[in-house]
Number of protein chains: 2
Amino acid sequence: MKAEIIAIGSELLLGQITNTNAKFIATELAEIGIDVYYQTVVGDNSQRLNEVLEIAQKRADVLIFTGGLGPTKDDMTKESIAKCIGTRLVSNGEALTYIEDYFKRTGRVMTENNKKQALVFEDATILPNRHGMAPGMAIEKKAIRYILLPGPPHEMEPMFRDEAIPYLLGVTGKKEVIVSRVLKFYGIGEAELEFRIQHILDKQSNPTVAPLATREAVTLRLTAKALSKAEGLKLIEPVEKEIRAIVGDFIFGIDDDTLASKAVDLLLANQFSITAAESLTAGLFMAELAGEPGISDSLKGGVVVYNEETKIKHLDISANLLSEYGVVSEECAAALAVNAKRKFDTDIGVGLTGAAGPESHGGQAAGTVWIGIAIGESTPHTYKLLLSGTRNSNRQRAVNFALYYLIKQLHT
Amino acid sequence: MKAEIIAIGSELLLGQITNTNAKFIATELAEIGIDVYYQTVVGDNSQRLNEVLEIAQKRADVLIFTGGLGPTKDDMTKESIAKCIGTRLVSNGEALTYIEDYFKRTGRVMTENNKKQALVFEDATILPNRHGMAPGMAIEKKAIRYILLPGPPHEMEPMFRDEAIPYLLGVTGKKEVIVSRVLKFYGIGEAELEFRIQHILDKQSNPTVAPLATREAVTLRLTAKALSKAEGLKLIEPVEKEIRAIVGDFIFGIDDDTLASKAVDLLLANQFSITAAESLTAGLFMAELAGEPGISDSLKGGVVVYNEETKIKHLDISANLLSEYGVVSEECAAALAVNAKRKFDTDIGVGLTGAAGPESHGGQAAGTVWIGIAIGESTPHTYKLLLSGTRNSNRQRAVNFALYYLIKQLHT
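These lines cover the structure that appears in this document, whether it is placed above or below. (Residues numbered from 1 in each chain as written. Chains lettered and ligands numbered in written order. Predicted model: local features only at pLDDT ≥ 70, side-chain atom pairs only at ≥ 80, totals over all residues. Heavy atoms only, no water.)

Attention now goes to the interface of chain B and chain A. Between chain B and chain A, the contact holds 70 residues from the first and 69 residues from the second. Buried surface at the junction of chain B and chain A, summed over both partners, amounts to about 5,800 Å²; 55% is from carbon and sulfur atoms. One can count two salt bridges joining chain B with chain A. With a shortest N-O distance of 3.8 Å, E309 of chain A and K300 of chain B are connected by a salt bridge. At the junction of chain B and chain A, the tally comes to 31 residue pairs in polar contact (both at pLDDT 80 or more). No other element matches strand β2 (residues 35-42) of chain B, which puts seven residues into the side of chain B that touches chain A. Residue composition of the side of chain B that touches chain A, grouped by class: 30 nonpolar, 26 polar and 14 charged. Pairing geometry for strand β14 (residues 301-305) of chain A and strand β14 (residues 301-305) of chain B, over five bridges, is antiparallel. Looking at the pairing, V305 of chain A lines up with G301 of chain B of β14 of chain B. (Contact = heavy atoms within 4.5 Å. Buried area = accessible area lost by both parts, 1.4 Å probe. Salt bridge = Lys/Arg side-chain N within 4 Å of Asp/Glu carboxyl O. Polar contact = N/O pair within 3.5 Å; in protein donor to acceptor, adjacent residues only side chain to side chain. Helix = DSSP H or I, 4+ residues; strand = E, 2+ residues; numbered from the N terminus. Nonpolar A, V, L, I, M, F, W, Y, C, P; charged D, E, K, R; others polar. Pairing = 2+ DSSP bridges.)

Turning to the side chain of T219 of chain B, a few remarks are in order. Residue and element names in this part refer to chain B. Of note, T219 is situated in strand β11 (residues 218-226). Judged by relative accessible area, which is 9%, T219 ranks as buried. Discounting chain neighbours no more than four positions away, the residues touching T219 are V182, L183, K184, F185, A210, P211 and L212. (Buried < 20%, exposed > 50% of the residue type's maximum accessible area, 1.4 Å probe, protein only.)

So, about the sheet that holds strand β13 (residues 274-278) of chain A. Here 10 strands make up an open sheet; going across it, the order is β17(A)-β16(A)-β15(A)-β13(A)-β14(A)-β14(B)-β13(B)-β15(B)-β16(B)-β17(B) and the pairing mixed. At either margin of the open sheet sits one strand with a lone partner, and together these are β17 (381-386) of chain A together with β17 (381-386) of chain B. Going across the sheet, the axis of each strand differs from the next one's by a mean of 10°, ignoring polarity. The pairing of strand β16 (residues 368-375) of chain A with β17 of chain A spans six bridges and is antiparallel. Paired with W370 of chain A across the two strands is K384 of chain A, which belongs to β17 of chain A. Against the sheet, helix α15 (residues 391-411) of chain B makes contact with β13 (274-278), β15 (348-354), β16 (368-375) and β17 of chain B, and its axis sits at roughly 30° relative to β16 of chain B, the strand it touches most. (Axes fitted to C-alpha atoms, helices over the stretch in contact; angles between N-to-C directions.)

Tallied over the full model, the rule gives 13 aromatic pairs over all chains. Arranged with centres 3.8 Å apart and planes meeting at 5°, the rings of Y383 of chain A and Y405 of chain A form a pair that is stacked. In this pair, Y383 of chain A sits in strand β17 while Y405 of chain A sits in helix α15 (residues 391-411), placing the two residues 22 residues apart along the sequence. Like Y383 of chain A, the residue Y405 of chain A is buried in the burial classification. With a centroid separation of 5.5 Å and 50° between ring planes, the pair formed by Y186 of chain B and Y404 of chain B is classed as tilted. Here Y186 of chain B is found in the loop between β9 (177-185) and α7 (190-196), whereas its partner Y404 of chain B is found in helix α15, with 218 residues between them in sequence. We classify Y186 of chain B as buried; its relative accessible area is 7%. Over the ring of Y37 of chain B we find R48 of chain A; its NZ or CZ atom is 3.7 Å from the centre of that ring. The aromatic ring of Y38 of chain A is capped on one face by R59 of chain A, whose charged end is 3.7 Å from the ring centroid. (Phe/Tyr/Trp six-rings, centres within 6.5 Å; stacked < 30°, edge-to-face > 60°. Lys NZ or Arg CZ within 6 Å of the ring centre and 35° of its normal.)

Now the structure itself:
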């Protein structure tokens, strides 16, 4: 079964809003094993919607429409589709009562055009709208299913999940379930990852293995089709093992893990307290940790040491060290980590120093970053990065790498 | 001139990412008066891309593609389009050098498939990629323009603005210029703003006045069509003045100003040094300031005081104050600001304390935030927020409000 998602609304074509509905519906369909081959956006225009409809009828079995069910003159989704598939619009008593009650309840005046929202196809399955006025609909004509949904996400999403999904499951009559597992990588590019596991990517069909680079991480999604969740996981297991044997060093987490959530999980599991001394990142590392609930059991606080004076005065970094090695140096990163750890009396201290850009800094080219991680009494670990992004992507990547190295240290 | 925006990527069809590129491009095209009638999403599949291409050629003069220019086997946008429009792919020396340099500079291993990113149509206008490896392209065949852009938004957006827009302006040869001015608001909702200037919104046609709420701010975009930039600005001026007379208190900046950039501009213009003591935001306020180049002339450093012990020990907050008023209190915010200012010897000190959520904290409900701003020797200003978002949106909004109040203080 192949679906096409069709969004109707001139505000999408003008770039006034983002089509988050398509993403939501695509995710939900993937989970029940319905393939989406196309997504389309068209304006509030009968003729062009009609053309889109004719194209979609040739290439999909399920057409899912969002938007254009409202009360205004622009909203012509129902009228256009009714004409195209040969059905009639009738007023739905339940929807009309809901609309009239809504206006009574809120003390607002109901204008005549609001009644339009209660119009439905005479032979459709009604999908009730629990968060707004216009009901959705599902109808089958000539072996094609048409599902009409309202545009506002807070109305569409629950309607899709609670009404459209059960309708579609009834249609597919599928016993099969889709099980997936996401492996999350850091410190390896998408191209290199794919190159190193090419033989696995080539031979896999169930589970499929799909790479994806997001802003924060590179991911591999393993997706199996099976008759039960347990069986799906069993299919995934050996493939995951094979991947881990080759590039497991770069895996920091799975599924919904982020670098910050994983680092905090490990800090809490080990009952380690943490602090940081941040120069180029100016608090961003600690701020990312603090995004995770529960972090107050580990993060005591820390210090932003943005200029040399502050490093010397507030973290006892020696002026000699700075003049000998420079502020962007392995020695400085290590001293930041060790001194912060001592000052805040924690198990772990992290130091970040570098030239964020666009200018060079401390004699080092823009993008040069040193990270120090001091754990307990052992010699601090230090890492050098050579980044090539903008000022802010360099600062964000410095934080991401610091989290990644911290995870690595806590794992070993 | 009619455009169609075509995004290529199975990750879009699977719902793994949202098509924000279409929104961005649509907005930019609207500004230069190019209509978008359709947006399409198709997977990494030659045959289906080809079908989409054939449909689009019949209904648009400008086809704008995003995605599929990367190094992996999935990436087949260039190959498919080349075949369809009858052109050849050749290696682009400049792009190849950039890719090789990138791998040299970052010390990573360049795999063979990376070279694929340097392939371009032999007769295309190259759109350089200043934030990644794969260059973009523009080409005309049989009176249709094809523009190919990379998928990652941080590469695509600057390329579109800096390279594709000038190319398209050259194509349209329009004499009319579009002049726009964006007014940026904080501390007022979109609905209230719209309500208060409804009479202006209703009567305007040149310039048009369009409200838009973004994640950070509410904006009004005033857009005039005129024969010169000067004339356009002259049309905008009286309308801007009228708006400022009504809701000017909430305007913090214009055009590309952000809360952080505006705050830093004012700090630098006044030659004020700044520090902060951050509790719930854990460094995010300083990190936002540090995102702006030049900030090192103002930001010396500061302290993250996440738990009570750190507040007492590292910022001399009195234990009595904490037990009497609580850690989430006006008194604590003021003391954080004043003590940080004294400790780091700056002109301005900012203190942030609150209950980020999801739990209550210091006896205060989740979402309660106190901000203190101490300037010079005068009594610190304090502000209370009652936020109702998630943990991280509350933390971000606390930072945004702190920047907004700082701007207000520096303006008066």
